[in-house]
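Each chain is listed here by its residues.
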Amino acid sequence: MILLQGCTETVDHRGKIPLVQVGDNFLYKEDVTLAIPPGVSKKDSADIADKFIRNWIDDMLLFVKAEGNIPDDAKIDELVKSYRMQLITHTYLEQIVSQEVEGNISDGEIEEFYNKNKNIFLASEPYVKGLFIKVPKTASGISKVKQWYKDKSEVSIDRLEKYGLRNAVDYEYFYDRWRPLNEILLRLPLKEGEKEKIFMQKDKNLEVSDSAFYYFLHMEEFLKEGEILPLEYAGKEVKEMIMNTKRVEFISKMKNDLYNEASENNDIKYFNSSNE
């Protein structure tokens, strides 16, 4: 730790423990403690503290040097005042918009907007619905798996799920939802160029293997790149678009209401700048 002695006793530290003083600026023990992640060793903690203190000292020395060489303090003060006003206004608006707008967007509103504007929500990659299973080559009943995974019937799905509980290393049923095809294909040992062929082919069933496993993928439905994105994937973007529109409308109405209220209360005063 770097400890600089001689801190003036007239400074009110508000209960904090000062460690370093540079000019009129103080670094406190509490600030250093917050900078140290929980669970680190004593040695790492000491190293982090030393680096934090040194960085703070370097920043403060540079600030003091700069402060003493900037003649136009009034301009800096104006910039600080302007930035503070913008920061306070922005923080307030984000808080109230989050309360009044974001929480009031219903699923029905999202679905209605999506249905009216489907053509702007296009898939950037292929999506599929179907089933994937990965089975060790040492497992029994592989010939049955080759039949069941292609069949969408309730009986075959039930048999495959029960089989998967006992034998499968990886199993996913996604007939009821769209999944990015790229994410599914990452689980298969495909050679270079094979992925592109899968995107082009019309075969719904894919069987590949390596030295230890069989991989079976059934694609019941296929959504090509550039086709309309399903709501389950477009929903987040739809909500953001609705929120941005409502945000603009809400802030515009709020400003107008504040102006009207201030005008009625004579809180706005205009001054005649004419010399006449």
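Look up a bit, the structure's there.
Residues numbered from 1 in each chain as written. Predicted model: local features only at pLDDT ≥ 70, side-chain atom pairs only at ≥ 80, totals over all residues. Heavy atoms only, no water.

Chemist: Run through the side chain of Glu172, naming residues and quoting values.
Modeler: Mapped onto the fold, Glu172 is located in strand 4 (residues 170-180). At 3.1 Å, the side chain of Glu172 and the side chain of Arg177 are in polar contact. In this structure, Glu172 is in contact with Gly130, Leu131, Phe132, Arg177, Arg179, Ile184 and Arg187, ignoring residues within four places of it in sequence. (Helix = DSSP H or I, 4+ residues; strand = E, 2+ residues; numbered from the N terminus. Polar contact = N/O pair within 3.5 Å; in protein donor to acceptor, adjacent residues only side chain to side chain. Contact = heavy atoms within 4.5 Å.)

Chemist: Residues and numbers for the sheet that holds strand 3 (residues 127-136), please.
Modeler: Spatially, 4-3-6-5 is the arrangement adopted by the four strands of the open sheet, whose pairing is antiparallel. The sheet is open, and its two edges are formed by strand 4 and strand 5 (205-209), each paired on a single side. On average, each strand axis in the sheet is inclined to that of its neighbour by 10 degrees, with strand direction left out of account. Across seven bridges, strand 3 lies against strand 4 in antiparallel orientation. When the sheet's bridge partners are listed, Tyr127 is paired in strand 4 with Pro180. In the packing of helix 6 (residues 154-167) onto the sheet, contacts are made with strand 3 and strand 4, and the angle to strand 3 comes to roughly 45 degrees. (Pairing = 2+ DSSP bridges. Axes fitted to C-alpha atoms, helices over the stretch in contact; angles between N-to-C directions.)

Chemist: How would you sum up a negative patch on the surface? Please name residues and give values.
Modeler: A surface patch of like charges, here negative, comprises Asp24, Glu67, Asp72, Asp73, Asp77 and Glu78. Of the residues forming the negative patch, the biggest block, three residues, is contributed by helix 3 (residues 73-100). Structurally, Asp77 is set in helix 3. (Patch = residues over 30% accessible without salt bridge, like charges linked within 9 Å, V, L, I, M, F, W, Y side chains within 5 Å. Areas by Shrake-Rupley, 256 points an atom, 1.4 Å probe, with all protein chains shown as cover. Salt bridge = Lys/Arg side-chain N within 4 Å of Asp/Glu carboxyl O. Lys, Arg positive; Asp, Glu negative; His and termini not counted. Charge placed at Lys NZ, Arg CZ, Asp CG, Glu CD.)

Chemist: Pulling in residues and values, what's your account of a nonpolar patch on the surface?
Modeler: A cluster of nonpolar side chains, namely Ile70, Ile76, Leu79 and Val80, defines an oily patch on the protein surface of about 350 Å² accessible area. Note that Leu79 resides in helix 3. On the basis of relative accessible area, Leu79 is assigned to the exposed category, the value being 53%. (Buried < 20%, exposed > 50% of the residue type's maximum accessible area, 1.4 Å probe, protein only.)

Chemist: Which residues make up the environment of Ile242, and what values go with them?
Modeler: Within the secondary structure, Ile242 is located in helix 9 (residues 231-264). Relative accessible area serves as the criterion here: at 6%, Ile242 is assigned to the buried category. Ignoring any residue separated from it by four or fewer positions in sequence, one finds Ile242 in contact with Ile105, Glu109, Ile110 and Phe113.

Chemist: Lay out the side chain of Lys134 with the relevant residues and their values.
Modeler: In this fold, Lys134 is placed in strand 3. It is Asp210 that comes nearest to the buried, bridge-free Lys134 among opposite-charge side chains, at 6.1 Å. Not counting chain neighbours up to four residues away, the residues in contact with Lys134 comprise Ala168, Val169, Asp170, Phe213, Tyr214 and Tyr215.

Chemist: I'd love a proper account of unusual backbone geometry, names of residues and values included.
Modeler: Unlike most non-glycine residues, Arg14 shows phi in positive territory, near 55 degrees. Note on placement: Arg14 falls in the segment before strand 1 (18-22). Assessed through its relative accessible area of 76%, Arg14 is described here as exposed.

Chemist: So what's going on with the pattern of salt bridges? Which residues, and what values?
Modeler: Under the counting rule described, the total for this entry stands at 14 salt bridges. The salt bridge partner of Glu207 is Lys150, with a shortest N-O separation of 3.8 Å. Of this pair, Glu207 sits in strand 5 while Lys150 sits in the loop between helix 5 (142-148) and helix 6, and the two are 57 residues apart along the sequence. For Glu207, a relative accessible area of 37% gives the class partly exposed. Taking the shortest distance from any N to any O, the salt bridge between Arg179 and Glu172 comes out at 2.7 Å. Of the residues examined, Glu172 reaches a relative accessible area of 13% and is grouped as buried. Because the salt bridges share partners, they merge into one network encompassing Asp170, Glu172, Asp176, Arg177, Arg179, Glu183 and Arg187.

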